[in-house]
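Okay, here's what each chain looks like letter by letter:
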Amino acid sequence: MWLDDAPRVAVYEGVDRQRFETEIQPRQRPALLRGLIGSWPAVAAAGRSPQALCDYFIARSTAHKVMLQTARPDLAGRFSFTDDLRTVNHQQRHLSFGEIAPLILRDSADDGAPTQYAGGIPVDLVMPKVLAENRLDLLDIQRVSQVSLWIGNRTRTAAHWDLPQNLACVIAGRRRFTLFPIDQIGNLYITPLDMTIAGQPTSLVDFFDPDFERFPRFRNAMAAAEVADMVPGDVLYMPSLWFHHVESLDSFGAMINFWWRDAAPYMTTPLLTLFHSLLTLRDMPLEERLRWRTLFDHYIFRPDGEAPLDHIPPAAHGLFSPMTPRNEQHLKAWLLQHLGRGTP
């Protein structure tokens, strides 16, 4: 398959927090941290057997219900949408982890069985003791916004991006990540931004069998791909907004992800800005729209590094003042007022 010939993600060994923060994270590129969590109790349990790992999780889980996704055997573990994009190509239901684990174990032994997959399980709610016992010393836990468990059979997660930065920790089973920089968005054929399976828009391309008549530019994405092949104990660092396709290479697998943002607490997803621009920018004449891009560059993106209001006294910066709680409240009120009545 074409992925076998793709360039590999850079590999690091013996990484500690200082090296991660000063050498790896500043590069803002994917990095495979080999064997970083090999001493975790969860990895040790998985090394004994899939049953032992599930027993470890069940003994520490609550009755909190999470989503189980089930796909027909002929889909080969590819969770996506139907061809007409009207619905997903699999079933979804909510069960406790104690109910989910036996189904995953049962079907992992049968290649002709449905694929069972539970993703995005909030570890702090469902199994908080697991979080306490399996620590990731690269991060101050106070910086982490979410910790998620992904567990299932041989699965494929369509290429997507995430807003937070991410450390993906493989506990059981081999995994292959295929990564692309965000500039490949036009070559990956993404679903509408408001059409998601688990919160993020995804690529419609089947990486195992690309349809080049329907998705011809995917060949360009193939040339930009990087691959990380992972085994239990490995950790993959993914910067914000890197596309990643995830494939479980074994009949049973489990992974825990740590998510965080290096952003001020008041900052929410810029997708809200993008959706707002459907009302304010998208349907303008091209030349007018390009003039607005100049304004965005000047006031927001600032590629030249210049501060746009240096010529104005700080006390007169108005809505562009530093984001104190009071100014945040004022800005939101201003936006709500003008959204309700159109052009200010």
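This text goes with the structure placed above it.
Residues numbered from 1 in each chain as written. Predicted model: local features only at pLDDT ≥ 70, side-chain atom pairs only at ≥ 80, totals over all residues. Heavy atoms only, no water.

Caption draft 1: Quick look at the sheet that holds strand E8 (residues 156-160). Strand order in the open sheet formed by five strands is E4-E8-E13-E10-E11, and the pairing between neighbours is mixed. Where the open sheet ends on each side, the last strands, each with one partner, are strand E4 (78-79) and strand E11 (226-230). (Pairing = 2+ DSSP bridges. Helix = DSSP H or I, 4+ residues; strand = E, 2+ residues; numbered from the N terminus.)

Caption draft 2: Broad picture of the pattern of salt bridges. This model, assessed by the stated rule, comprises 17 salt bridges. One salt bridge in this structure joins arginine 143 and glutamate 21, with 3.8 Å as the shortest N-O distance. On the criterion of sequence distance, the pair formed by arginine 143 in the loop between helix H6 (128-133) and strand E7 (144-152) and glutamate 21 in helix H1 (residues 17-24) is long-range, its members being 122 residues apart. With relative accessibility at 35%, the residue glutamate 21 sits in the partly exposed group. Ionic contacts of the salt-bridge type, sharing partners, join the residues Asp4, Arg8, Arg176 and Asp229 into one network. (Salt bridge = Lys/Arg side-chain N within 4 Å of Asp/Glu carboxyl O. Buried < 20%, exposed > 50% of the residue type's maximum accessible area, 1.4 Å probe, protein only.)

Caption draft 3: View of the pairing of strand E6 (residues 115-122). Burial analysis of E6 places six of its eight residues in the buried class, which makes it a mostly covered element. Sheet topology note: the strand E3 (residues 65-71)/E6 ladder contains three bridges and is antiparallel. Looking at E6, one finds that alanine 71 is bridged to threonine 115. In this structure, E6 lies alongside E7, joined through four bridges in antiparallel fashion. Counted as the bridge partner of isoleucine 121 is leucine 149 from E7.

Caption draft 4: The arrangement of the packing of aromatic side chains in detail. Enumeration over the complete set of coordinates arrives at 12 aromatic pairs. Where phenylalanine 180 meets phenylalanine 207, the ring centres are 5.9 Å apart and the plane angle is 90°; that geometry is what we call edge-to-face. Taken together, the positions of phenylalanine 180 in strand E10 (residues 175-180) and phenylalanine 207 in the loop between helix H7 (185-188) and helix H8 (218-224) put the pair 27 residues apart, joining distant regions of the chain. No difference in accessibility class separates phenylalanine 180 from phenylalanine 207, as the two residues are buried. Here the aromatic rings of tyrosine 299 and phenylalanine 320 are separated by 5.3 Å at their centres, their planes lie at 45°, and the arrangement is tilted. Linking tyrosine 299 in helix H10 (residues 286-301) with phenylalanine 320 in the loop between H10 and helix H11 (325-341), this pair joins segments that are 21 residues apart in sequence. For phenylalanine 320, a relative accessible area of 47% puts it in the partly exposed group. Taken together, the ring pairs connect Phe20, Tyr237 and Trp260 into an aromatic cluster. Seen from the ring of phenylalanine 208, arginine 156 lies directly overhead, with NZ or CZ sitting 3.8 Å from the centre. Directly above the aromatic system of phenylalanine 212 lies the positively charged group of arginine 219, at a separation of 3.7 Å from the ring centroid. (Phe/Tyr/Trp six-rings, centres within 6.5 Å; stacked < 30°, edge-to-face > 60°. Lys NZ or Arg CZ within 6 Å of the ring centre and 35° of its normal.)

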